[in-house]
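Structural characterization, general
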Amino acid sequence: MNFHRNKTLVRRLREFQLIARDPIMMAGLLISSAFVFFFVVWPLLRVVWQGFFDFQTGAFSLEYFARYIDPYFARHSWTTLRDTMIMGLATATGGTLLGFIVAFTFVRCNYPFQRVTHALSLIPTISPPFAIAIAVILLFGRSGLVTKKWLGMEFGYGANDIYGLDGLVFVQIITFFPVAYLIMRAMLERLDPAMEEAAQSLGASKLHILRTVTLPLLVPGFASAFLLLFVESLADLGNPLLLTGQRNVLSTEIFLAVNGEYNQQKAAALSFVLLIPTLTVFIVQRYWVNKRSYISVTGKPTGGQLRIDEWYIRWPFILLTTIALLLVVTLYASIAIGSFTRLWGIDFTLTFENYRIAFQRGVEAILDTTYLSAVATPIAGVLGMIIAFLVVRKQFSGREALDFVSNLGAAVPGTILGIGFIIAFIGAPWPAILLVFLAFLLYLFNAMDAGRASKALAGLVGLGGGLALAWLLAAWDDWTLANIALGFAVVLFILARFGAEPDQRRSLSWLMLAPIIGFLLFILGPYPTLWIAEFGRALGGNWAKVITSLAEWVDVFTQVPLPAHGFLLLAIGGYVMSRLRTGGWRTAFTTLLLLMSAMLIFTGKPLALVGTSYIIIAAYAVRSLPASLRAGVASLQQIDPAIEEASTSLGADAQVTFRRITLPLIAPAFLAGLIFAFARHMTSLSAIIFLTTPKWKILTVLILSEVEQGGLNIATAYSMIVIFIVLAAIGLFYFLMGRAYKTDYVDITMGGG
């Protein structure tokens, strides 16, 4: 038994040693794994842990779980859970059915104006998550255009109006059906028509073929769409906050526990309850649905798609699709018109006043949201491509776990992630820091390629000295710490310069300039930004907001937390050290590298990110990482590995092959992942609502605040601004695709996941 266990352990160590032969690949694996661990695994673990412990005293407590059996609370707790499940199941059923109807109409029923109608069906994916809820309130609310102005309806106490579970399900179906549409359309277009043609040649009617052949072949698509819509519905926060009325669902209970009761244990406990069904559904969707295949895809189909010409099949599908599209157009038209209306429901005079107020009151939120979304987009895109390359092209233990955890960012409700971020990063996440630092340490010593005595010396002097400095400098400010680190970085540069082989000196010198530039920016960065901010405040008005926002944007790049510098230095330094001459050069370099990185990582309260822009950027990147990852995996699976093997056989290492061969081939998927990520960032709410601060305002949070205060017209103006920004980004993307790749096609079916 022990023999087999030791054999397995040795095999796993050898797998990582094979990857470590290419330090760039190993550094990429470490950086991506560290990011996923810090910002996905650790927050989720902290949420689960916090649900069982009192936040103030730290005492073990089952108070909020016991409420499900306490007679005083049980009725409310179980009713909330029941309503949450009803909402999820009804939304998933209705959204999947509507998505199939629209997809079948477009693919099989020769629906006119395909490009326009396809774009119309996707509008809900590029708007804020609760935009349709606002539109429904404008049209069918108690002061709605249809209900009050046209029909003269009055709603007394207890009347069945748009507020409640039925109105919420209706809104969520319209909001999320494009996800099901994208999945079902992709399956219908890739369906091999051979079986349908065989049934037709045997005399079966089109209706019989649809019922007995086509629908059974689409079972995986139905199951996948249903499960995804179920998770999306349970994760939604904006629509329930606006439309639940006197009913409750778990997402709103979690939000109110944090923002109303300031009770983190209750929020964490409810998050754990919500996490159970969503995580179960995600696992079922990933490991059961995706591994069961009911269709045969043989490249290009042997014939064209089976078209439906029979009126009794075609026209019901066309009619239902037309009604759905007209409803989408009507809802978004009401948002557009409402943004130009003086006071919806009372004074329908057209005016630009709402936009004037929106730009005056929310210019900082507009600029900050766009900027942080743009910063997070390439982070998610690059990480997605790196993880996709590792998952598809490399064999190592933990590959499936890395893939699974990387996809959790979109599978777990945003409210849970948001609370996890608060609990995990309100102070220094010491256990997570120690684990990640240990992983980097193992990588460093493995790349050192020296005897045990040299490794022990480097570890003892480097780690001991770094931890001693961290203790001594704990009370010093970051600016002083950066000056000390700059001095160490210069010494590391000199060691790299003179310790490298002559043909390696140029490249290694450029690499070691990166930390020097980073520390110089950290030290000098506050001076110009202070001047810019003072200049902006002197101008007054909106210009003051714009220019002070610009100063804060510069700080995002220059004032990166020093622990991040430390981990990045370990990744870069490990590669540089592996290229130095063996012996004393590597020992000296490793010793100083460990001393410097330990000082940066362990001084003060490292990675206490709550209240900073970096936690918002991380939340954005985590939510969109799965889309970039899926795009990269799908693209890499279509590329013959022989192309990369030829590059390797000609002497190129993995990073050269990836940069010059693989990346150009997957560039369209990479760019598609970027645009999807940007759109998701701009419209994100549930994961961000707990992280926004007066310094960093987020537009979707501002829209929700306006609605809660009765400013529906201002909220519609903000919603239209978000839609215009996302549309502009998509238009720019299509332009770049057309110029660079002579195509305007993007496989946006990845958005369905």
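A few words now on the overall build of the protein chain. Helix and strand counts for the protein chain come out as 31 helices and two strands. Across the 753 residues of the protein chain, 55% fall into the buried class. Residue pairs at least 24 apart in sequence account for 82% of intrachain contacts in the protein chain once pairs closer than 6 positions are excluded. For the protein chain, the exposed surface amounts to about 33,300 Å²; the carbon and sulfur share of it is 67%.

Relative orientation of the contacting elements helix α4 (residues 71–108) and helix α15 (residues 311–338) amounts to 115°, with a least axis distance of 9 Å. For the pair α4 and α15, the sense of crossing is left-handed. From α4, L98, F100, I101, V102, F104, T105 and F106 reach across to α15, where they touch F317, I318, L320, T321, A324 and L325. Across the contact of α4 with α15, the residue classes tally to eleven nonpolar, two polar and no charged.

What follows covers helix α30 (residues 699–708). For α30, the buried fraction is high: seven of the ten residues fall into the buried class. Immediately downstream of α30, the backbone of G710 shows phi near 90°, a positive value.

What follows is about the pairing of strand β2 (residues 347–350). Of the pairings in the sheet, the one linking strand β1 (residues 341–343) to β2 comprises two bridges and is antiparallel in character. Across the sheet, residue L343 finds its bridge partner in β2, namely D347. What sits between the antiparallel neighbours β1 and β2 is a turn of three residues, in which G345 has the positive phi angle 90°.

The element helix α6 (residues 131–140) is largely enclosed, with a buried count of nine among its ten residues. Every buried residue of α6 is accounted for by A131, I132, A133, I134, A135, V136, I137, L138 and L139.

As a further point, take a nonpolar patch on the surface. Together, W479, L520, L524 and Y527 make up a nonpolar patch on the protein surface, roughly 410 Å² of accessible area in all. Position of W479 among the secondary structure elements: in helix α21 (residues 478–499). Assessed through its relative accessible area of 38%, W479 is described here as partly exposed.

So, on to the nonpolar core. In terms of nonpolar packing, the biggest core is built from 233 residues, with F421 and F589 touching the most fellow members. In this structure F589 touches L492, L495, A496, M512, G573, V576, M577 and L580, once residues within four positions along its chain are discounted.

Under the defined criterion, the tally for this structure stands at seven salt bridges. Between K266 and E261 there is a salt bridge, and its shortest N-O distance comes to 2.9 Å. The salt bridge partner of R356 is E353, with a shortest N-O separation of 2.4 Å. Of the two residues, R356 and E353 are both situated in helix α16 (residues 353–393); the distance of three residues between them amounts to about one turn of the helix.

About the thresholds
- Residues numbered from 1 in each chain as written.
- Predicted model: local features only at pLDDT ≥ 70, side-chain atom pairs only at ≥ 80, totals over all residues.
- Heavy atoms only, no water.
- Helix = DSSP H or I, 4+ residues; strand = E, 2+ residues; numbered from the N terminus.
- Buried < 20%, exposed > 50% of the residue type's maximum accessible area, 1.4 Å probe, protein only.
- Contact = heavy atoms within 4.5 Å.
- Areas by Shrake-Rupley, 256 points an atom, 1.4 Å probe, with all protein chains shown as cover.
- Axes fitted to C-alpha atoms, helices over the stretch in contact; angles between N-to-C directions.
- Left-handed = near helix turned anticlockwise from the far one by under 90°.
- Nonpolar A, V, L, I, M, F, W, Y, C, P; charged D, E, K, R; others polar.
- Pairing = 2+ DSSP bridges.
- Patch = residues over 30% accessible without salt bridge, like charges linked within 9 Å, V, L, I, M, F, W, Y side chains within 5 Å.
- Salt bridge = Lys/Arg side-chain N within 4 Å of Asp/Glu carboxyl O.
- Core = buried A, V, L, I, M, F, W, Y, C linked by side-chain atoms within 4.5 Å.

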